[in-house]
Amino acid sequence: MLFFSSIHCTSIKSTSHWNCSWSSNCCSSFITECGALLYDLQPKGFNRIFDRFRAILHEGEIDKRVQYTIESLFELRKKSFVSHPPIRSGLDLVELDDQITHEDINLDSKLDPEDSLNYFHADENFEENEEKYKIIREEILGEDVIQELEGKKNRGTGELESEDEEEGGADTDQPTEAPSNQNENKILDNTETDLINLRRTIYLTIMSSMDFEECAHKLLKIKFPPGQEKELCNMLIECCCQEKTYLRFYGLLGQRFCDLDRVYREGFEECFAGQYATIHRLDTNKLRNVAKFFAHLLHSDGLPWTIMEYIRLNEEDTTSSGRIFIKIIFQELAEYLGLPKLNDRLQDPIMQPYYSNLLPRDSPQNTRFAINFFTYIGLGGLTEGLREHLKNAPQRMLEQQQRKLESESDSDSSDSDSSSDSSSSSSSSDSSSSDSESEEDRKRKRTRR
């Protein structure tokens, strides 16, 4: 004990203000409990410790609370530690001659750890040893204490048995038609109390986590009702919106859940469509956080790039908030991936059906709007394909017109051929009819003769 106290006292000399206060408080608490015994065993060390305490008070580098603790320790010393005896009356059970101490143990001696006691061994003389233990226990505690302890134990077991009997009786007294009545009188909660409690649990779990791995581990322990997995996605986006600046913690957490289960990936896809449709309801700060969150999921392949089909980049279908949202997403993607790699992603022929609304080629007006938009936000390198398409648009229009004229001429020639055929057939029919009439006239003349 003297060694422990001297360590604290000497360490106080070279510590900072906070460490000095902490060490002084710890040492004063230790001396309060063990001061009486320390004074009996080592009075010189005891006096040295209090000299150091007195010097600490004169230096004045500790808090007022610790200073008050040390002053109360001096008052306790004047009273000879009356309120803190070396051994309390209730713990002085074994006489001094019968005590087995370990005073002969030192750091240099070889000790037997008795590892065999860490394993269970069957006692062949169990009953005899139990009788010896009862005799020793009666000598130490006394018969009155043992009877009191056994009485408490019997009362406790009796209460448990009575509770079990009451529960069993209640179960047997219920009629057999109880389950059907419970099903008939089932109460439906339409106040969404369970949903509110679930959202509260998710929110508190996210806010109480130090990093995204700890948060994901805690959230996976929550038992979500079937179909309620999307609430995790919604709460994660709402918590991200509440921050003053975007925290990468939310992007990494969303990426982890997208990689874990397809259900969460589909939930984030639905959230992207909903957020883009109602992006005009968010202020600038929330809009920026949401855009950076989804940009992180896209560049990390947490979400598929097929969600770009929800973006229609033209003058009629976009708002100012929607254009800011698209701008932040693509600027973040260019920062993460680099402009060449982002351009390769957008030029992927397999994904072109999903980029048809983002990079429109349906009309020159929409194409020109998309080119101006990406050029304005500093990503003009993404519009090379659109510029080539717009450059070749007049030539394609001429080719289409020529094809249209050729098809019309072909239809006219086919109409003229059909008309000539019909005229020739009509003339032949007229000639045949005239011939038939002349033959009839000749027959009539012959009969007259």
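As the structure is a prediction and not an experimental result, all values here were calculated from the model. (Residues numbered from 1 in each chain as written. Predicted model: local features only at pLDDT ≥ 70, side-chain atom pairs only at ≥ 80, totals over all residues. Heavy atoms only, no water.)

J.: What am I meant to see in the overall build of the chain here?
T.: When its secondary structure is counted, the chain shows 18 helices and 0 strands. Taking all 449 residues of the chain together, the buried fraction comes to 28%. Considering only residue pairs separated by 6 or more positions, the chain has 69% of its internal contacts joining residues 24 or more positions apart. Element-wise, carbon and sulfur atoms account for 50% of the exposed surface of the chain, whose accessible area totals about 31,600 Å². (Helix = DSSP H or I, 4+ residues; strand = E, 2+ residues; numbered from the N terminus. Buried < 20%, exposed > 50% of the residue type's maximum accessible area, 1.4 Å probe, protein only. Contact = heavy atoms within 4.5 Å. Areas by Shrake-Rupley, 256 points an atom, 1.4 Å probe, with all protein chains shown as cover.)

J.: Where do I start with the packing of helix α8 (residues 193-207) against helix α10 (residues 229-242) in this structure?
T.: Helices that pack against each other are described as a pair by the angle of their axes relative to one another and the distance between those axes. Where α8 contacts α10, the axes come no closer than 10 Å and their chain directions differ by 50°. On the basis of the axis angle, α8 is oblique to α10. As for how α8 packs across α10, the hand of that crossing is right-handed. For the pair formed by α8 and α10, the contact residues are L195, R199, I202, Y203, I206 and M207 on the first element and E231, L232, N234, M235, L236, E238, C239 and Q242 on the second. Considered class by class, the residues forming the contact of α8 with α10 number 9 nonpolar, 2 polar and 3 charged. (Axes fitted to C-alpha atoms, helices over the stretch in contact; angles between N-to-C directions. Parallel < 35°, antiparallel > 145°, perpendicular 65-115°, else oblique. Left-handed = near helix turned anticlockwise from the far one by under 90°. Nonpolar A, V, L, I, M, F, W, Y, C, P; charged D, E, K, R; others polar.)

J.: Looking at this structure, how should I read the side chain of S28?
T.: Looking at where S28 falls in the secondary structure, it is placed in helix α2 (residues 17-41). Look past the residues within four positions of S28 in its chain and what remains in contact with it is F53, T69, I70 and L73.

J.: Just checking my understanding: could you explain the nonpolar core for this structure?
T.: Membership of the largest hydrophobic core comes to 66 residues, with the highest contact counts inside it found for F293, F294, W305, F325, F330 and F374. Ignoring anything within four residues of it in the chain, the contact list for W305 reads L298, L333, L337, L342, R345, L346, M351 and Y355. Within the second largest apolar cluster, 17 residues are counted, among which are F46, I56, I70 and L76. (Core = buried A, V, L, I, M, F, W, Y, C linked by side-chain atoms within 4.5 Å.)

J.: Any chance you could explain the environment of T278 here in plain terms?
T.: Tracing the chain through its elements places T278 in the loop between α12 (262-277) and α13 (284-299). We classify T278 as partly exposed; its relative accessible area is 25%. Sequence separation between T278 and S321 is 43 residues; the distance between their C-alpha atoms is 9.4 Å.

J.: What exactly am I supposed to notice about the environment of S208 here?
T.: Counting through the fold element by element, S208 comes out in the loop between α8 and α9 (212-220). You can call S208 partly exposed: its relative accessible area is 46%. Not counting chain neighbours up to four residues away, the residues in contact with S208 comprise E214 and K218. A distance of 2.8 Å separates a polar side-chain atom of S208 from the backbone oxygen of L204. (Polar contact = N/O pair within 3.5 Å; in protein donor to acceptor, adjacent residues only side chain to side chain.)

J.: What's the story with unusual backbone geometry in this structure? I'm lost.
T.: Comment: phi is negative for the bulk of residues other than glycine, and the bulk of peptide bonds are trans. One non-glycine residue, S80, lies in the positive phi region at around 60°. If you trace the backbone, S80 turns up in the loop between α4 (64-78) and α5 (126-141). One non-glycine residue, D301, lies in positive phi territory at about 60°. By the element assignment, D301 lies in the loop between α13 and α14 (320-337).

Limitation: the analysis is restricted to geometry and does not speak to function.
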